[in-house]
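The chain contents come next:
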Amino acid sequence: MKLATWNVNSLNVRLPHVEQWCTSARPDLLGIQETKLEDAKFPRTAIEALGYEVVFSGQKTYNGVALLAKQPIRDVVTDVPGLDDPQRRILVANVGELRVANLYVVNGQAVGSEKYAYKLDWLDKVTRFLEGELRNDPRLIVMGDFNIAPDDRDVYDPLAWKEQILCSTPERDALRRLLDLGLVDSFRRFDESAGKYSWWDYRQAGFRRDLGLRIDLVLAGAPVMERAEAASIDREPRTWERPSDHAPALLELSDV
DNA sequence: ATGGTCGATCTTCGA
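Residues numbered from 1 in each chain as written. Chains lettered and ligands numbered in written order. Predicted model: local features only at pLDDT ≥ 70, side-chain atom pairs only at ≥ 80, totals over all residues. Heavy atoms only, no water.

1. So, the overall build of chain A
Along chain A, the regular secondary structure elements total eight helices and 14 strands. Its C-alpha atoms give chain A principal-axis dimensions of about 45 × 45 × 35 Å. For chain A, restricting intrachain contacts to residue pairs at least 6 apart in sequence, the fraction spanning at least 24 positions comes to 68%. Per element, the accessible surface of chain A, about 11,200 Å² overall, is 48% carbon and sulfur. Charge separation in chain A, taken as the distance between the mean sites of 34 positive and 41 negative side-chain charges, equals 3 Å. (Helix = DSSP H or I, 4+ residues; strand = E, 2+ residues; numbered from the N terminus. Contact = heavy atoms within 4.5 Å. Areas by Shrake-Rupley, 256 points an atom, 1.4 Å probe, with all protein chains shown as cover. Lys, Arg positive; Asp, Glu negative; His and termini not counted. Charge placed at Lys NZ, Arg CZ, Asp CG, Glu CD.)

2. Description of unusual backbone geometry
At serine 10, a position not held by glycine, the phi torsion is positive, near 90°. Phi at alanine 205 takes a positive value of approximately 50°, unusual for a residue other than glycine. With respect to the secondary-structure elements, alanine 205 resides in the loop between β10 (199–200) and β11 (212–213).

3. Brief notes about the packing of aromatic side chains
A complete count under the given rule lists four aromatic pairs for this structure. Ring plane angle 10° and centroid distance 4.0 Å describe the contact between phenylalanine 42 and phenylalanine 56, whose orientation is recorded as stacked. Of this pair, phenylalanine 42 sits in the loop between β2 (29–33) and α2 (44–49) while phenylalanine 56 is found in strand β3 (residues 53–57), placing the two residues 14 residues apart along the sequence. Overall, the relative accessible area of 18% leaves phenylalanine 56 in the buried class. For the cation-ring pair, lysine 70 lies above tyrosine 52, with the distance from its terminal atom to the ring centre recorded as 4.2 Å. (Phe/Tyr/Trp six-rings, centres within 6.5 Å; stacked < 30°, edge-to-face > 60°. Buried < 20%, exposed > 50% of the residue type's maximum accessible area, 1.4 Å probe, protein only. Lys NZ or Arg CZ within 6 Å of the ring centre and 35° of its normal.)

4. Description of the protein's contact with DNA strand B
Taken together, 17 residues form the shell around DNA strand B, and within it Ser10, Arg14, Arg203, Gln204 and Arg242 come nearest. A breakdown of the atoms of DNA strand B within 4 Å of the protein gives sugar and phosphate a share of 71%. Contacts to DNA strand B include arginine 14, whose side-chain N or O atom sits 3.0 Å from a phosphate oxygen. Side-chain polar atom of lysine 115 to a phosphate oxygen of DNA strand B: 3.3 Å apart, as the coordinates give it. With three residues, helix α1 (residues 11–25) is the single largest residue contributor to the surface near DNA strand B. The class makeup of the residues in the surface near DNA strand B is four nonpolar, six polar and seven charged. (Near = heavy atom within 4 Å. Polar contact = N/O pair within 3.5 Å; in protein donor to acceptor, adjacent residues only side chain to side chain. Nonpolar A, V, L, I, M, F, W, Y, C, P; charged D, E, K, R; others polar.)

5. Concerning the side chain of aspartate 185
With respect to the element layout, aspartate 185 can be found in strand β9 (residues 183–185). At a separation of 2.7 Å, a polar atom in the side chain of aspartate 185 contacts the side chain of arginine 214. The contact partners of aspartate 185, leaving out residues within four places of it in the chain, are Pro150, Leu179, Arg214, Leu217, Val218 and Leu219.

6. Considerations on the UniProt feature "site: Transition state stabilizer" (unreviewed entry) in chain A
The residues that UniProt annotates with the feature "site: Transition state stabilizer" (unreviewed entry) are Asn147. Within the fold, asparagine 147 resides in the loop between β8 (140–145) and α4 (158–161). Judged by relative accessible area, asparagine 147 falls into the buried class, the value being 4%. Other than its neighbours up to four places away in sequence, asparagine 147 contacts Tyr104, Val105, Val106, Asn107, Lys119, Leu166, Glu171 and Ile215. At a separation of 2.9 Å, a polar atom in the side chain of asparagine 147 contacts the main-chain carbonyl oxygen of valine 105. (UniProt positions renumbered as here; feature names shortened; annotations may be inferred.)

7. Here we look at the sheet that holds strand β6 (residues 90–95)
Consider a sheet: its strands pair through backbone hydrogen bonds, and that pairing is either parallel or antiparallel. Here we have six strands laid out as an open sheet, ordered β5-β6-β7-β8-β12-β9, and mixed in their pairing. On the outer flanks of this sheet lie β5 (73–77) and β9, each paired with one strand and no other. Averaged over all adjacent pairs, the angle separating strand axes in this sheet is 20°, with direction ignored. Strands β5, β6, β7 (98–104), β8 and β9 of the sheet are contacted by helix α3 (residues 114–136), whose axis makes an angle of about 175° with β7. (Pairing = 2+ DSSP bridges. Axes fitted to C-alpha atoms, helices over the stretch in contact; angles between N-to-C directions.)

8. Let's talk about the nonpolar core
Of all hydrophobic cores here, the largest spans 25 residues; its most connected members are Leu103, Trp122, Val142, Phe146 and Leu219. The set of elements that each furnish at least two residues to this core consists of β6, β7, α3, β8, α5 (169–179) and β12 (216–221). Broken down by element, this core gets its largest block of residues, six residues, from α3. Residue contacts for leucine 103: discarding those within four places in its chain leaves Gln33, Arg89, Ile90, Trp122, Val126, Val142, Met143, Gly144, Asp145 and Phe146. The next biggest cluster of nonpolar side chains, apart from the first, holds 24 residues, and it includes Ile73, Met143, Ala220 and Val224. (Core = buried A, V, L, I, M, F, W, Y, C linked by side-chain atoms within 4.5 Å.)

Next up, the structure:
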């Protein structure tokens, strides 16, 4: 079973890339972020034509998440208790024997800003919610655009990014608290090397110069990690014409 | 050189 997360930065623009990538990589489960589409405009028919079930929680212009799966999707949650948030950033559902949370974590703009405070509060409340989910069933996957580089190996220039947005200690501590519930950054189980990125800024020819960060993660509970066979980041769609600024991050599990 | 590029909806904001 192949799981993936991909921030597509407008599904309206990137639908051909999603179609191309799903056809070639054939993920069984794909979490998408930044659809930037209200639900009435979601391309359900095109996604179903690829052979997927799909659920989505979107809004106009910003944010928006979706979950595509080869298996039936059940028990969908789009709102977290105690987080009365109009921003559509979370989608949790059962797929097969897994519970899957797809997150578009707040970017936070700049350390100390209002959006930064919202980011830390959002992470705190989502972590508390996921703590309950894990207690119910540890077969949990938490995937998405975390907008946090876990450590300096995940940053092309750690000195320039030191205590900056996406890399600050409070953000990394918030991610640590989520992991400490009993989740593993699956990519690091297979690759401890520095310089494996999932996002490159459109500006300054970031991708060509490999000036990237690893901020797209697949976290897995212990029973899921026992089945983990490989984890990777597929840079290929980032080379395509008019790409998203993110690449898909993957986790492959042995079948039960 | 105090920028740079995208996307969505305006001529600005968010990333």
